[in-house]
Amino acid sequence: MGLKDKLHKLKLKYKGKKMAPAFNAIHTFLYLPNETTHSGAHVRGADDLKRTMNTVIMALLPCLIFGMFNAGYQHHLAEGEIEAVANGFFSAGFWSIDNLVVGLWKVLPLVVISYGVGLGVEFLFAVIKGHEVEEGYLVTGMLVPLIVPIDTPLWMLAVAVIFGVVIGKEVFGGTGMNILNPALTIRAFLFFAYPTWMSGDKVWVHGAVERANEIAGGAQLDAISGETVLGSLAQGKEISYSVADMFLGFIPGSVGETSALLILLGGLFLIFTKIGSWRIMASAVLGALAMGLIFNGVVSAEWISEGSKFYSLMSTEFWHHLIIGGFAFGVVFMATDPVTASQTNKGKWIYGFLIGFISILIRVFNPAYPEGVMLAILLMNVFAPTIDHYVVQGNIKKRMKRLKLKTA
Amino acid sequence: MSKDIRIRKGLDIKLVGEAEKVTVNATTSNVYAIKPDDFHGIIPKVIAKQGTEVKAGEPLFHSKSNENMLFPSPVSGEILEIVRGAKRKILAFKILADKEQQYADFGAKDVNAMDGDAIKAHLLASGCWPFIKQRPYDVIANPDATPKAIFISGYTTAPLEADNDYVLTGKENELQVAVTALSKLTKGNVHVSVGKNGNSPLAGLNNISVHRVSGPHPAGNVSVQIAKIDPINKGEVVWTISPQDLLIIGELLLTGKFNAERTIALAGSSVKTPKYYRTKIGAEVASVVYNSGVIDEGNIRVISGNVLTGENVKPDGHLGYYNSSITVIPEGDDYEFFGWNKPVFNKISPSRALTFSWLFPNKKYDLNTNTNGEHRAFVVTGNYESVFPLDIYPLQLLKACAVNDLDAMEQLGMYEVAPEDFALTEFICVSKQPHQQIIREGLDLMLKEIG
């Protein structure tokens, strides 16, 4: 009882002061506020924005934990210290303390920087503009470390987070007003501002960059290839990973994006809790499969020669696109962001389908960076209001028609 | 012409403290109050000054815009006080009731022999007109207009609201006279909706078309039924009236007396013995609430009406003009440790985000007035639609209202809605936005600008 009363007194003390939003953010984190209804319905449902966002974070946690183990696993594997695991998802070689230690050492700083810098900016804006600290960044801050390469320098991440939160969100008025998904804005900033770091085959496995520098300095060592599956395909190389590896996630890639299995579970959890839109997820998968089938068709019709640089990505079996790269992660956790997605149920079908469709299109045809889901989602973020406009126009037309029938 | 209406989208809010189907007479109130704010958009002009004696049915005030529209006293007595607020706005007429009630005599009428104009004039003169409301705008009907149809919802779905099937039983005569009178005011039909599985006395009346409705709340909202039966287009007007008000009109036509009697449900989890009470419009809520006894007296909210649309009247308040229930629930003025992320079993939620009301569809809940979160911008999409059966985009309409975009409001279907239709979206709103207030202000703006 003591803490509750003390905080209540502090809240009254801070009321109307400049620092009130900052204090309230911490207070409401500890306690559901004592606010009662003033107008309209006298009782309210149990859900608030914090609970909604918290549900998404719960869905993300398995990906984060897996990402930590995978970071260590890929590192040790590339260094030649361990053998590739072969016993499926519960291989002891994967879930080892050694792997976790590397993961904790590399991933936790990303999480800390993401939350620390991002929430810092949020608090600052809340205090300056005198509004409450909104919960949108709770999810963004968890997404960001999961969609960046493991060896992303922390200063780059910090710069990108500041850019993403300020330009991607706060200039529009904060959570609920933004046009682009803030997490993807951060990712896109990294990609366009530091392209030499963010693409290529060195940044995906911890240690690869360091090793390359040592070799360049004259050391007699084997280079580490930290190439992602998509990177290999884009260069027409054979991929050395089995479908099971790709589905379970034992592949290099951004921290949290590799395990299609855990993303699938997270997606099902979001659908079950009614927090994530199943329409967007389902239609995006359909869109990706459609594009994949088209490319497979192009290959089997022999419209493209084997020498073409697009050949190996195009000939990738259509459903493999769902489990490689960041597609699954993007569709489940980023395309479904309610603020930047289409807001109408019909619009969600169109929006999701186009995300899937365009993701695979960009993935195959982008020579610089063989991943399309980020750009596809950002593109559709921009078009979401247009889609909604036409869906709503349909409703308006129906009403006009009713009126005309009546007066005719 | 009878058809079944089945509503799928919606949410029944099941609460503890449903009124037992026993009716007792309430303790007679000493003071009755009529609040002009109950008549939305009406500016009152005083007729009965402080200190004058009125009989039941004699006017207290008329509308500034239409001096034929009279607002009657529910009881006979002396005008004790005209309570004024800021800018001398009239907040309430308080009437000290006589021990022996006297009724103004408006004369018994034979409705079958009357035409529409005569009925209209009679309803206006006797103060019964304010019971008739119109769509669009959800305000008291303009007597100069002719509605395309009149809608009466006899189906009760709002939480803990008085069950019309129960309170109307045995009143077939009054109801019949009233609907016959109403049927002469419109060129179209008088549409009456009753519960599909109920046995409403309304179903057996003549001069009406009956519709049988089923489904969760808001199936009982008249807007939902209008949309299914004969939707409102731009330029059209329909009238609505609630069943208990038909009784008052019916009795007036049969006996010539304005008898403001209501059978109200006293309900809610803070009431010890919830049941039905026979009382009058404007009565002190204390006269019924304390008869049944309340739990934890210092921590209650007394609502005239139901929990979704009623008004917070405080324990010393009065029964509102249009309300047929009084609900008493606990205030939620307290903090809850980690309330935003721990599993929730004792609150209703449309989601399953560690909220478990979906596991117990028939459980009755004891909700308090806590908002369960803070006000935020609109973030989540797609959840309002699941409880909103009208063919309208609720989020888009709310946003149009919030930015005063009259064109968009008109196009998106503002003529078809009333604030009460947004009570459920407000209930489930993750961002805790005041939907009903947004819609009310939007309707007021439209009424002012478009008329």
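For clarity, every value in this text was computed on a predicted model and none was experimentally measured.

Participant: Teacher, can you tell me more about the overall build of chain B here?
Facilitator: From N to C terminus, chain B includes ten helices and 21 strands. The C-alpha atoms of chain B give a radius of gyration of 21 Å, which matches the 22 Å a tight globule of 451 residues would have. Taken across its 451 residues, chain B has 56% of its residues classed as buried. In chain B, the proportion of contacts linking residues at least 24 apart, taken out of those at least 6 apart, comes to 69%.

Participant: What am I meant to see in the UniProt feature "domain: NqrA N-terminal barrel-sandwich hybrid" (unreviewed entry) in chain B here?
Facilitator: With numbering aligned to this structure, UniProt lists the feature "domain: NqrA N-terminal barrel-sandwich hybrid" (unreviewed entry) at residues 5-97 of chain B. Across residues 5-97 of chain B, helical content stands at 0% and strand content at 44%; the span's end C-alpha atoms are separated by 44 Å.

Participant: Explain the nonpolar core to me, please; I cannot follow it from the model alone.
Facilitator: Soluble globular proteins tend to pack their nonpolar side chains together in the buried interior. Membership of the largest hydrophobic core comes to 241 residues, with the highest contact counts inside it found for Val331(A), Ile355(A), Ile249(B), Leu266(B) and Ile326(B). Of all the elements, helix α3 (residues 49-78) of chain A adds the most residues to this core, at 14 residues. Beyond its immediate sequence surroundings of up to four residues, Ile355(A) is in contact with Ala284(A), Gly287(A), Val331(A), Ala335(A), Ala376(A), Ile377(A) and Met380(A).

Participant: So what exactly am I meant to see when it comes to the environment of Leu322(A) here?
Facilitator: Residue and element names in this part refer to chain A. Here Leu-322 is to be found in the loop between α14 (311-314) and α15 (327-334). Each C-alpha atom of the pair Leu-322 and Ala-260 lies 8.0 Å from the other, and the pair is 62 residues apart in sequence. Setting aside chain neighbours within four positions, we find Leu-322 in contact with Ala-260, Val-285, Ala-288, Phe-327 and Ala-328.

Participant: So what exactly am I meant to see when it comes to the sheet that holds strand β9 (residues 90-97) of chain B here?
Facilitator: Whenever strands of a sheet pair, they do so through backbone hydrogen bonds, lying parallel or antiparallel. All names here are of chain B. As summarised here, the arrangement of the four strands in space is β3-β9-β8-β5, forming an open sheet in which the pairing is antiparallel. The open sheet has two edge strands with one neighbour each: β3 (31-34) and β5 (53-54). Note: β5 against strand β8 (residues 77-84), two bridges, orientation antiparallel. Counterpart to Glu-53 in the pairing with β8 is Glu-78.

Participant: I tried to follow the sheet that holds strand β19 (residues 311-312) of chain B on my own but got confused; where do I start?
Facilitator: Reading across from one edge, β2-β17-β16-β20-β18-β19 (chain B) is the order of the six strands in this open sheet, with mixed pairing throughout. Strand pairing shows two members of the sheet lacking a second neighbour, β2 (20-25) and β19 of chain B, which therefore form its edges.

Participant: Sorry if this is basic, but what is going on with unusual backbone geometry here?
Facilitator: With glycine set apart, most residues show a phi of negative sign, and most peptide bonds adopt trans. Residues and elements named next belong to chain B. In this chain, Arg-135 is followed by Pro-136 through a cis amide linkage whose omega measures 0 degrees. In this structure, Pro-136 sits in the loop between β10 (133-135) and β11 (139-140). Omega for the bond connecting His-217 with Pro-218 falls within 30 degrees of zero, at 15 degrees, which places this linkage in the cis form. Of note, Pro-218 is situated in the loop between β14 (209-214) and α4 (222-229). Unusually for a residue other than glycine, Tyr-137 sits at a positive phi of about 85 degrees. Looking at the secondary structure, you find Tyr-137 in the loop between β10 and β11.

Participant: Would you take a moment to explain the domain arrangement of chain B for this structure?
Facilitator: How large an interface is tends to be reported as the accessible area lost when its parts come together. Residue and element names in this part refer to chain B. By domain assignment, chain B separates into domain 1 (1-28 + 104-332), domain 2 (31-97) and domain 3 (371-449). The element that contributes the greatest number of residues to the side of domain 1 that touches domain 3 is α4, accounting for three residues. Partitioning the side of domain 1 that touches domain 3 into residue classes produces twelve nonpolar, five polar and four charged.

Participant: When you look at the UniProt feature "modified residue: FMN phosphoryl threonine" (unreviewed entry) in chain A in this model, what are you seeing that I'm missing?
Facilitator: All names here are of chain A. Taking the UniProt record as the reference, the feature "modified residue: FMN phosphoryl threonine" (unreviewed entry) is found at Thr-228. Its place among the elements puts Thr-228 in the loop between α9 (208-216) and α10 (229-234). In contact with Thr-228, other than residues within four places in its own chain, are Trp-204, Pro-252 and Gly-253.

Participant: Would you mind going over the interface of chain B and chain A with me for this structure?
Facilitator: Each partner contributes to the interface: chain B provides 63 residues, whereas chain A provides 49 residues. For the side of chain B that touches chain A, the element with the most residues is helix α9 (residues 423-428) of chain B, which contributes four residues. In the side of chain B that touches chain A, the residues fall into 26 nonpolar, 23 polar and 14 charged. Pairing between strand β1 (residues 31-32) of chain A and strand β21 (residues 336-337) of chain B: two bridges, direction antiparallel. If you follow Leu32(A) over to β21(B), its bridge partner there is Glu336(B).

Participant: I'm lost on the UniProt feature "domain: NqrA second alpha/beta" (unreviewed entry) in chain B in this one. Help?
Facilitator: The feature "domain: NqrA second alpha/beta" (unreviewed entry), as annotated in UniProt, sits at residues 115-258 of chain B in this numbering. The distance separating the terminal C-alpha atoms of residues 115-258 of chain B is 21 Å; by composition the span is 33% helix and 17% strand.

Participant: Help me understand the packing of α3(A) against helix α4 (residues 97-129) of chain A, please; the structure alone is not making it clear to me.
Facilitator: In helix packing, the relevant descriptors are the interaxial angle and the interaxial distance, both defined with respect to the helix axes. All names here are of chain A. The interhelical angle for the contact between α3 and α4, taken along N-to-C directions, is 110 degrees, at an axis separation of 7 Å. With respect to α4, the axis of α3 lies roughly perpendicular. Contacts between α3 and α4 involve Gly-67, Met-68, Phe-69, Ala-71, Gly-72, Tyr-73, His-75 and His-76 from the former and Asp-98, Asn-99, Leu-100, Val-101, Val-102, Gly-103, Leu-104, Lys-106 and Val-107 from the latter. Taken together, the residues of the contact of α3 with α4 sort by class into nine nonpolar, six polar and two charged.

Participant: Is there a simple way to think about the packing of helix α2 (residues 20-30) of chain A against α4(A) in this case?
Facilitator: Residues and elements named next belong to chain A. Running from N to C, α2 and α4 point in directions that differ by 130 degrees, and their axes come no closer than 8 Å. If you check the angle between α2 and α4, you find them oblique. Within the contact between the two elements, α2 uses Pro-21, Ala-22 and Ala-25 and α4 uses Phe-123, Ala-126 and Val-127. Grouping the amino acids of the contact of α2 with α4 by side-chain chemistry returns six nonpolar, no polar and no charged.

Participant: What should I look at first to understand the pairing of strand β16 (residues 261-267) of chain B in this one?
Facilitator: Regular strands have side chains that alternate between both faces of the sheet. Residues and elements named next belong to chain B. Within β16, six of the seven residues are buried, leaving the element largely enclosed by the surrounding structure. Examined bridge by bridge, β16 and strand β17 (residues 275-280) share six bridges and lie antiparallel to one another. Residue Ile-264 lies in a different strand from β17, and its bridge partner there is Tyr-277. Relative to strand β20 (residues 325-330), β16 runs parallel, the two being bridged by three bridges.

Participant: Hey, could you run me through α4(A) in this one?
Facilitator: Two residues of an α-helix separated by three or four positions point the same way, owing to the 3.6 residues in each turn. Residue and element names in this part refer to chain A. Taking 1.5 Å of rise per residue, the 33 residues of α4 would be expected to cover 48 Å, and the 46 Å separating its terminal C-alpha atoms lies within 8% of that figure. At Leu-104, α4 shows its maximal bend, which comes to roughly 30 degrees. In the stretch just after α4, Gly-130 is the one whose phi turns positive, near 70 degrees.

Participant: So what exactly am I meant to see when it comes to α15(A) here?
Facilitator: Counted residue by residue, α15(A) has eight buried out of eight residues, so it is predominantly covered. If you check which residues of α15(A) are buried, you get Phe327(A), Ala328(A), Phe329(A), Gly330(A), Val331(A), Val332(A), Phe333(A) and Met334(A).

Participant: I would appreciate a short explanation of the environment of Gly154(B) in the present structure.
Facilitator: Residue and element names in this part refer to chain B. Assignment of secondary structure puts Gly-154 in the loop between β12 (149-153) and α2 (164-167). The exposure class of Gly-154 is buried, given the 24 C-beta atoms found within 10 Å. Along the chain, Gly-154 and Val-213 lie 59 residues apart, while their C-alpha atoms are 9.4 Å from each other. Contacts of Gly-154, omitting those with residues within four sequence positions, involve Asn-164, Val-192, Ser-193, Val-194, Ser-200, Leu-202 and Pro-243.

Participant: Even after reading the chapter, I still don't get the pairing of strand β13 (residues 190-195) of chain B, so can you show me in this structure?
Facilitator: Residue and element names in this part refer to chain B. Among the six residues of β13, six are classified as buried, and the element is accordingly described as predominantly covered. Residues Val-190, Val-192 and Val-194 of β13 are buried on one face, and the alternating residues His-191, Ser-193 and Gly-195, pointing to the opposite face, are buried as well. Sheet topology note: the β12/β13 ladder contains four bridges and is parallel. The residue bridging Ile-150 from the neighbouring strand is Val-190, located in β13. In this sheet, β14 lies alongside β13 in parallel orientation, the contact comprising five bridges. Within β14, the residue paired with Val-194 across the bridge is Arg-212.

Participant: Help me understand the environment of Lys14(B), please; the structure alone is not making it clear to me.
Facilitator: Relative to the elements of secondary structure, Lys14(B) occurs in the loop between β1 (4-6) and β2. If we ignore the near neighbours within four places in the chain, the residues touching Lys14(B) are Lys363(B), Lys364(B) and Tyr365(B).

Cut-offs used in this document
Residues numbered from 1 in each chain as written. Chains lettered and ligands numbered in written order. Predicted model: local features only at pLDDT ≥ 70, side-chain atom pairs only at ≥ 80, totals over all residues. Helix = DSSP H or I, 4+ residues; strand = E, 2+ residues; numbered from the N terminus. Rg over C-alpha atoms; globule rule 2.2 N^0.38 Å. Buried ≥ 20, exposed ≤ 12 C-beta atoms within 10 Å, placed from the backbone. Contact = placed C-beta atoms within 7 Å. UniProt positions renumbered as here; feature names shortened; annotations may be inferred. Core = buried A, V, L, I, M, F, W, Y, C linked by C-beta atoms within 7 Å. Pairing = 2+ DSSP bridges. Domains from an automatic or database assignment. Nonpolar A, V, L, I, M, F, W, Y, C, P; charged D, E, K, R; others polar. Axes fitted to C-alpha atoms, helices over the stretch in contact; angles between N-to-C directions. Parallel < 35°, antiparallel > 145°, perpendicular 65-115°, else oblique. Expected span 1.5 Å × (residues − 1). Bend = angle between axes of the 7 residues up to and from the residue.

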